[in-house]
Amino acid sequence: MISRSRLVITISSLVIMATAVVSIVLFSRYTLPVMAEHNSESHLTSATPSQGPSYHREAMFYQNLGDGLVECNICFRNCVIPQGERGYCKNKENKGGTLYNIVHGRPSAVQIDPVEKEPMYHMMPGTQILCIGTAGCNFSCNHCQNWHLSQRSIEDLNYYNLPPEAIVRFALEQGIPTISFTYNDPISVYEYVYDVAKLAKENGLKIIWHSNGAINPEPLRKLLQYTDAVTIDLKGFSQKAYDNANAELAPVLEALKIIHQAGVWVEIVNLVIPTVNDDINEIREMCEWIKNNLGPYVPVHFSRFHPSYKMKHLPSTPIKTLEKAHSIAEEVGMHFITVGNVPGHSYNSTYCPGCDEKIIHRVHFSVLENKIKEGKCGYCGYKIPGIWQ
Amino acid sequence: MATKFQEFGSSSKAMLVVATVVMGASGIVAQIILLREFLVTFQGNELSAGVFFANWLLLEFLGAYILGRQSDRNVYVTGVFVALTLIFSVSFPVAVLQTRSIHSFFSVSSGQALGIVELFISSMLILLPVSLTHGALFTFSCKIFDRISSNKTSSHNITEVYIYETIGAIFAGLGLTLIFIPLMGNFHTAIFTGIINSVVSVGIIKLFLMPESKIAKCCYCLILSLLVAIFFAKPFWDELDYRSLSNRFESQELIYNRSSRYSNISVTRLHDQLTFYSDGLPIINLPSPDLVTVEERSHFPMLFHDSPQSVLMISSGVGGYINEVLKHGVTTIDYTELDPLTIEVLKKYPTELTEKEFSANEVNIIRKDGRAFVEQTSSNYDVIILGFDQPSTLQINRFFTKEFFNSLKRILNNDAIVSFALPGSGNYMSQELKKLNATVIGAVKEEFNYIFVLPGSGYNMVIASQSEKMVHVTGSDLSKRLERRNIDTHLLNPFYIEYKFQAHRTNWFNNEMSTVSVASNSDRNPKAVFYNLVYTNSMLSEKFVPVLEFLYNITLKNCLIALIIVTLFVIVLSFLWGRNLKLPICFSISSTGFSGMVFDLIIIFGFQIYFGYVYQWIGILVSFFMAGTMIGSYAIVKYTKGSFNLLCKTELAMAGFSLFVILFLFSSVESRLLFLFMSITTGVLVGMQFSLANRLFEQKKYFSTGRTAGLIYGSDLLGGWIGGMLAGVALIPVIGLVGTSFLIFGLKLASVLTLTLFKAVER
């Protein structure tokens, strides 16, 4: 038997529940249009799922190993990729035993920047570059500033449909003399870089790329035919530094030698990260290697680290550390050493090895004054290597 | 066995009361200290805190229910209680040290951020001995009370333990944050807690066990000797504390570490550079700060104004920003900083730059919550610069809502400029970034007539004004003003300003933003917290993003459907499990734990919105809640026999209370007393239901004391766990405060219907 009080509670509960349902309906209809807005959205990270990966550009430099397996030979990883799978960089897919570059013609970042931003200091100072970046990378740096591109697959990103012809046409229309592949590593989108570079050269444009340098010799040599200059991120001079990127040092050094031998202009950036690669002996070894293998005229940029991506607990690099690195490079005999990410620092500028005069006055990536004339120091006539026209 | 316990006198009972109070106090101490340590290690936000609380409560639940029910079978209940207390005493300080070494455990460098998976695994492992034993202690103490007070009912004893535990928690909660943590630091407070617990163990051994056991005598001597040794080994603990803290700052020299009631501040030295950390994240580098950030964030807003004289800087002032603003020849800079320790430490380690900033006559340092200052000040300003990086917590989000932007309008002079930063990227705006920017920019647009965004690498700068003059300002105007004011900068020059103002850059940003449509961030619907959570997790725990995406899609309607499904599930299970009130009562208590936790969050958050972040008041609100639980449970034990109908009435009262909260949220009543009333009312209802549930279990003779205590306490914790996890991460940010209150309304109605149904059909 249900007692009277229980009956009262049951009935009152039902009445309140009914009131609640009515209230909720009215509430959501009239006072909370904001909540209903969710219904119209199904994705937080909107890719372009209807299009999926692109299979129109077959990859270069890969071997068919049989049983549906292929081996990508673009970078040091030499990924063996089963059917339907992708390589480490997320940009190469094995479809039916054929390897495709699935981001070809699909850059996610297209910007116009000064060439100094790369950094690339000995190439037409003060000019603009058309910067192209895509999804994927063959490294996984814990400090990557472009992680939202490099550590993502094409499906995770929005992208433009820009085949090589469109990129070149755009650069020509805008009067931008140089196309740069940057942000993520161009190695992971090799075929796109190669196709654009070839077409750009045919149209009188210059090509540069900013890379970690961990590319195999054969594809590197092929790409260098259509390359004007390269910026290589040397992430340190120890395996510990490369562990921070889940990568290896040796292939990078090998690539640097090949670029130098090919006569392509190369500049080196070393982001000095406290506790990761700031050991002074390591920096000395690195500078000695550069001088002995690439010569004293290769510009070396020591950049200040600020906390980013997964390395937000670290302090910024002390200026003293950068100045020390600069003086070591000088002691070793390098001629063009700069310090980056410290606006206003005197080492941000370029000095003539002949007369020690400031030949390019630079603040961050603004060029305030350029005293180089026809590839020579405007003060003493010392020949300054680089690309000036 | 019962007769044995009856032999013990009033001193034994007093000792047991002390032990229970200490247990309650220790629980809250361990929870607060370990949470703080985890937040430092894991770049804390609501999600980290939610995962921590979830694991804590889950383990407490397991301890109370699974370990605790052994108390019914175990004859050595007191001995086990002592052993558990000692395990807790040792494991708590050890847990503090382990939290500081989590990076080593995962073999990653101390500079690398860890994700949500690592947080889940490490908190589960580290908290295991601490929370499990603490949960079991509750059940065991109920059993001991039961045995020594055979003249009282078991539900009376469980309620008594609950009350003593709550008293301990109230005192510890207040004392810890106001006295112990600022004075002693986390590790020493943990050692101190361990010592107090060990002393309690000694007391219990002496009064309960020693008369008849030689082993007990040996333990007594051993623990006493150890306590003496621990007391005199202070230099050793200091060294251990220092070394464990240094673990977090690999290759740097740790020169300062102290916790205030707001945060943990550390200072390290690397060569000549001092780095100031707040909760494990570097906030200032001296003598050379990040010049790009400092100059852009100070000069751009200042240059947008033709002739700025009075400036308000909310957070992030000392360490370069004030120095740059001073270059504009201003007459006043009011700078608000919530945590006085930040200022104290910056003064303790002076540099030329900070000394200049502190000694400038134009600068007034105001140690106050910025939002409270904006509400209360009678000053007006030409430029207001907000120094927060992103709306990472509900607390910081208060500075990114339309209500806050609205309140700024009251203190603006003609042509005034408001400026702040949002996370950004110079080359690609991901969906997460777009939504985060869009919700905040949408809020500013609702309040300000003119908005300009300077996109950049790392952050976008938002400039807002009520004056049309702002939209006509060009990059070239800024360069002219820079020159006219004769300002010496490192970064900013006409070339750089031109670069930042390039049309293609701003067009790109505006085009990207036009592809998303989201609701504006507001106090009652703090969307930005959720989008920020998704953004940071896309960086650190990419695999967790789909879970957040799922949570993002929840609506009040979905929640109510889920609630109906859960209720039906409980009904079916209850039919299968003996067709009685066991499960409906547990469901009712879980829903109460859930509601209590969510109301607590809503009340604290609501208070912060109206009155600013005032730490003492948060302590008082929590204390009022706990005092309410004490009053509620005591009232049931003292004045009623407890009945099913009363339980149902309290359920309806809670449902009614949630409607009251909704009305309150829609009203504009700003009364501290009302917040205290809401806190204590929530507590009273929770306390009443806890006692009533125990009383009903006893009346129905479902289980023995240990099992009942474990089950009811565990159900309460389980509800609190779900509430803690969902409310901070999803419910409040996604369906808003009002929607969440409606959900509780539905939950309590579902609970009362389930109870009524099974009362009618029970066998």
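If you're wondering where the values come from, they're calculated on a predicted model, not measured in any experiment. (Residues numbered from 1 in each chain as written. Chains lettered and ligands numbered in written order. Predicted model: local features only at pLDDT ≥ 70, side-chain atom pairs only at ≥ 80, totals over all residues. Heavy atoms only, no water.)

Tallying secondary structure elements over chain A gives ten helices and 18 strands in all. Across the 389 residues that make up chain A, the buried fraction comes to 61%. In chain A, the proportion of contacts linking residues at least 24 apart, taken out of those at least 6 apart, comes to 66%. Per element, the accessible surface of chain A, about 14,900 Å² overall, is 50% carbon and sulfur. (Helix = DSSP H or I, 4+ residues; strand = E, 2+ residues; numbered from the N terminus. Buried < 20%, exposed > 50% of the residue type's maximum accessible area, 1.4 Å probe, protein only. Contact = heavy atoms within 4.5 Å. Areas by Shrake-Rupley, 256 points an atom, 1.4 Å probe, with all protein chains shown as cover.)

Right, let's get into the overall build of chain B. Looking only at helices and strands, chain B has 29 helices and eleven strands in total. A compact globule built from 763 residues should have a C-alpha radius of gyration of about 27 Å, and chain B, at 28 Å, falls within 12% of that. By principal-axis analysis of the C-alpha atoms, chain B measures approximately 90 × 60 × 45 Å. The 763 residues of chain B split such that 64% are buried. Pairs at least 24 residues apart make up 78% of the contacts formed inside chain B by residues separated by at least 6 positions. Side-chain charges of chain B comprise 57 positive and 54 negative groups, with the mean position of each set lying 12 Å from the other. (Rg over C-alpha atoms; globule rule 2.2 N^0.38 Å. Lys, Arg positive; Asp, Glu negative; His and termini not counted. Charge placed at Lys NZ, Arg CZ, Asp CG, Glu CD.)

Attention now goes to the pattern of salt bridges. Per the stated rule, a full pass over the model turns up 33 salt bridges over all chains. One salt bridge in this structure joins Lys92 of chain A and Glu191 of chain A, with 3.3 Å as the shortest N-O distance. Here Lys92 of chain A, found in strand β4 (residues 92–95), pairs with Glu191 of chain A, found in helix α5 (residues 190–202); they are 99 residues apart in sequence, far enough to count as distant. A salt bridge links Lys434 of chain B to Glu512 of chain B, with the shortest nitrogen-to-oxygen separation between them at 3.2 Å. Of this pair, Lys434 of chain B sits in helix α18 (residues 431–447) while Glu512 of chain B sits in helix α21 (residues 503–513); the two residues are 78 residues apart in sequence, bridging distant segments of the chain. Each member of the pair, Lys434 of chain B as well as Glu512 of chain B, carries the same accessibility label: buried. (Salt bridge = Lys/Arg side-chain N within 4 Å of Asp/Glu carboxyl O.)

For the rest of this paragraph, the subject is the pairing of strand β1 (residues 253–259) of chain B. In terms of strand pairing, β1 of chain B meets strand β2 (residues 264–270) of chain B through six bridges, oriented antiparallel. Within the sheet, the bridge partner assigned to Glu253 of chain B lies in β2 of chain B and is Arg269 of chain B. (Pairing = 2+ DSSP bridges.)

This next bit is on the interface of chain A and chain B. Contacts between the two partners involve 71 residues from chain A and, on the opposite side, 84 residues from chain B. Between chain A and chain B the total buried area reaches about 6,700 Å² when both faces are included, carbon and sulfur atoms providing 60% of it. Its salt-bridge partner being Lys320 of chain A, residue Asp272 of chain B comes within 3.6 Å of it at the nearest N-O pair. At the junction of chain A with chain B, the criterion picks out 21 residue pairs in polar contact (both at pLDDT 80 or more). Those elements that place two or more of their residues in the side of chain A that touches chain B are α1 (4–31), α2 (33–36), β6 (109–114), α3 (147–150), α10 (319–332) and β16 (366–370) of chain A. Ranked by residues supplied to the side of chain A that touches chain B, first place goes to α1 of chain A with 13 residues. (Buried area = accessible area lost by both parts, 1.4 Å probe. Polar contact = N/O pair within 3.5 Å; in protein donor to acceptor, adjacent residues only side chain to side chain.)

With that settled, the discussion passes to the domain arrangement of chain A. Residue and element names in this part refer to chain A. By the assigned domains, chain A splits into domain 1 (4–27 + 106–377) and domain 2 (44–101). Taken over C-alpha atoms, the centre of domain 1 sits 24 Å from the centre of domain 2. Each side of the interface is counted separately: domain 1 has 38 residues, and domain 2 has 26 residues. The junction of domain 1 with domain 2 conceals about 2,500 Å² of combined surface from both sides, 47% of it contributed by carbon and sulfur atoms. The largest per-residue losses of area from domain 1 upon contact with domain 2 belong to Glu155, Glu191 and Asn216, which jointly make up 24% of the total buried on that side. With its nearest N and O atoms 2.8 Å apart, the salt bridge here joins Asp195 to Arg57. Where domain 1 touches domain 2, the interface holds 17 residue pairs in polar contact (both at pLDDT 80 or more). Contributions of two or more residues to the side of domain 1 that touches domain 2 are made by α5 and α6 (217–224). No other element matches α5, which puts five residues into the side of domain 1 that touches domain 2. Here the side of domain 1 that touches domain 2 is composed, by residue class, of 17 nonpolar, twelve polar and nine charged. (Domains from an automatic or database assignment. Nonpolar A, V, L, I, M, F, W, Y, C, P; charged D, E, K, R; others polar.)

Residue and element names in this part refer to chain A. Across the sheet, which stays open at both edges, the eight strands sit in the order β6-β7-β8-β9-β10-β11-β12-β13 with mixed pairing between neighbours. With one partner strand each, in any of the chains shown, β6 and β13 (337–340) form the two edges of the open sheet. Here the average twist between neighbouring strands, direction ignored, is 20°. Inspection of the sheet shows strand β7 (residues 128–133) paired to strand β8 (residues 178–181) by four bridges, in the parallel sense. Its bridge partner being in β8, Leu130 is matched across the sheet by Ile179. (Axes fitted to C-alpha atoms, helices over the stretch in contact; angles between N-to-C directions.)

Residues and elements named next belong to chain B. On average, chain B scores 88 in pLDDT, and the residues at 70 or more come to 96%. Every residue in residues 1–6 scores below 50 in pLDDT, and together they form nine contacts with partners more than four places removed in sequence or on other chains. For this predicted complex, the interface score ipTM comes out at 0.85, alongside a pTM of 0.86. (pLDDT = per-residue confidence, 0-100.)

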